[in-house]
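Coordinate analysis (summary)
Spelled out from the first residue to the last, the chains are:
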Amino acid sequence: DTGVSQNPRHKITKRGQNVTFRCDPISEHNRLYWYRQTLGQGPEFLTYFQNEAQLEKSRLLSDRFSAERPKGSFSTLEIQRTEQGDSAMYLCASSFPGLAGGENTGELFFGEGSRLTVL
Amino acid sequence: AQSVTQLDSQVPVFEEAPVELRCNYSSSVSVYLFWYVQYPNQGLQLLLKYLSGSTLVESINGFEAEFNKSQTSFHLRKPSVHISDTAEYFCAVSPLWSSASKIIFGSGTRLSIRP
């Protein structure tokens, strides 16, 4: 399968513990995005990378959240000292760079997500 | 800043009936517009997009959406739905200046098809 892969698919943790999610994008995509989705809501933008550079972070991404993409391939999203409010589906997506009006503009390829439950 | 409003959280329709899923957006700059679909137990995938040119865009499975700049809307329509269209549909916008690097999603509309 050559789609976007996320691991683990489900994570249950106790409040205060650290968790890490991994995303493997489609190999030729140089943009990688993290979104968070809670029940009844659409995906909320967290951050995105172009190659290894983290170009934007949402204000939703508190100091307890950190994302890396060290070699411009896979990415990790770590949440430290988890809180119950962190319970959500964490979505990863990848894409080609969006040239204005270009054929690939705006098409994000999503993984199936990593569901976090904080007890 | 951009925002997207999907007024209907759920839309139940009978099979073969027409459907319209509403989407309105707010933006002070020009935007690209998208509809993404999430089928049960699958990841989100692009359904259709408006970048420029004709304001009416179509998907391969019979959906269409029309960009209306004066009403800041991008409603999704299908003249006759099928059971397989059961899914959650998300409208999204991205400011042109971002080259689609930042995509803002609406809260979604769950389309349920009754036989």
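Residues numbered from 1 in each chain as written. Chains lettered and ligands numbered in written order. Predicted model: local features only at pLDDT ≥ 70, side-chain atom pairs only at ≥ 80, totals over all residues. Heavy atoms only, no water.

1. Focus: the packing of aromatic side chains
Aromatic rings in a pair are described by how distant their centres are and how their planes are angled relative to each other. Note the following rule: Note on aromatic contacts: the rings of Phe and Tyr and the six-membered ring of Trp form a pair at centre separations within 6.5 Å, being stacked when their planes are under 30 degrees apart, edge-to-face when over 60 apart, and tilted otherwise. Only DSSP runs of H or I reaching four residues or more are called helices, and only runs of E reaching two or more are called strands; each is numbered from the N terminus. Summary of the burial criterion: residues with accessible area below 20% of their type's maximum are buried, those above 50% are exposed, and those between are partly exposed, where the area comes from a 1.4 Å probe applied to protein chains only. Here, over-ring charges are defined by two tests on the NZ atom of lysine or the CZ atom of arginine: distance to the ring centre within 6 Å, and angle to the ring normal within 35 degrees.
Under the counting rule described, the total for this entry stands at 15 aromatic pairs over all chains. Ring plane angle 20 degrees and centroid distance 5.6 Å describe the contact between Phe21(A) and Tyr90(A), whose orientation is recorded as stacked. With Phe21(A) in strand β3 (residues 19-24) and Tyr90(A) in strand β9 (residues 88-95), this pair connects stretches of sequence that are 69 residues apart. The exposure class of Phe21(A) is buried, given its relative accessible area of 0%. Each residue in the set Tyr33(A), Tyr35(A), Phe45(A), Tyr48(A), Phe110(A), Phe34(B), Tyr36(B) and Phe105(B) is aromatic and connected to the rest through ring pairs, giving one cluster. Just above the ring of Phe74(A) sits the side chain of Arg22(A); from NZ or CZ to the centre is 3.9 Å. The ring of Phe14(B) carries Arg114(B) above its face, with NZ or CZ at 5.7 Å from the centroid.

2. A closer look at the sheet that holds strand β1 (residues 5-7) of chain A
All names here are of chain A. Condition: Between any two strands, at least two bridges found by DSSP are needed for them to pair. Comment: axis = line fitted to C-alpha atoms, over the contacting stretch for helices; angle = value between 0 and 180 degrees taken between N-to-C directions.
Ordered in space as β1-β3-β8-β7, the four strands form an open sheet in which the pairing is antiparallel. With one partner strand each, in any of the chains shown, β1 and β7 (65-68) form the two edges of the open sheet. The mean angle between the axes of side-by-side strands here comes to 15 degrees, regardless of whether they run parallel or antiparallel. Bridge count between β1 and β3: three bridges; the pairing is antiparallel. Opposite serine 5, over in β3, you have aspartate 24 as the bridge partner.

3. Quick notes on the pairing of strand β2 (residues 10-14) of chain B
Residues and elements named next belong to chain B. The alternating pattern of β2 places Val11 and Val13 on a buried face and Gln10, Pro12 and Phe14 on a face that is not buried. Bridge count between β2 and strand β12 (residues 109-114): five bridges; the pairing is parallel. If you follow valine 13 over to β12, its bridge partner there is isoleucine 113.

4. Some points on the pattern of salt bridges
Pairing between side chains of opposite charge can happen when their charged atoms approach one another. Applied cut-off: By definition here, a salt bridge exists when the distance from a side-chain nitrogen of Lys or Arg to a carboxyl oxygen of Asp or Glu is within 4 Å.
By the definition in use, this model includes nine salt bridges over all chains. A salt bridge links Asp8(B) to Arg22(B); its shortest N-O distance comes to 2.9 Å. Remark: Arg22(B) occurs in the loop between β3 (19-21) and β4 (24-26) and Asp8(B) occurs in the loop between β1 (3-5) and β2; sequence separation between them is 14 residues. Each of Arg64(A), Glu83(A) and Asp86(A) takes part in one network of salt bridges that share partners.

5. Remarks on the state of the cysteines
The cut-off we apply is this: A pair of cysteine sulfur atoms is labelled a disulfide when the two atoms are within 2.5 Å.
In this structure the tally under the stated criterion is two disulfides over all chains. What pairs with Cys23(A) in a disulfide is Cys92(A), and their sulfur atoms sit 1.9 Å apart. For the disulfide bridge between Cys23(A) and Cys92(A), the dihedral angle about the S-S bond is near -70 degrees, and by the sign convention the bridge is left-handed. Residue Cys23(A) is located in strand β3, and its partner Cys92(A) is located in strand β9; the two are separated by 69 residues in the primary sequence. Cys92(A) shares its class with Cys23(A); the two are buried. With its sulfur 1.9 Å from that of its partner, Cys23(B) forms a disulfide with Cys91(B). The sign of the -65 degrees torsion about the S-S bond sets the Cys23(B)-Cys91(B) disulfide as left-handed. Taken together, the positions of Cys23(B) in the loop between β3 and β4 and Cys91(B) in strand β10 (residues 87-95) put the pair 68 residues apart, joining distant regions of the chain. For Cys23(B), a relative accessible area of 0% corresponds to the buried category.

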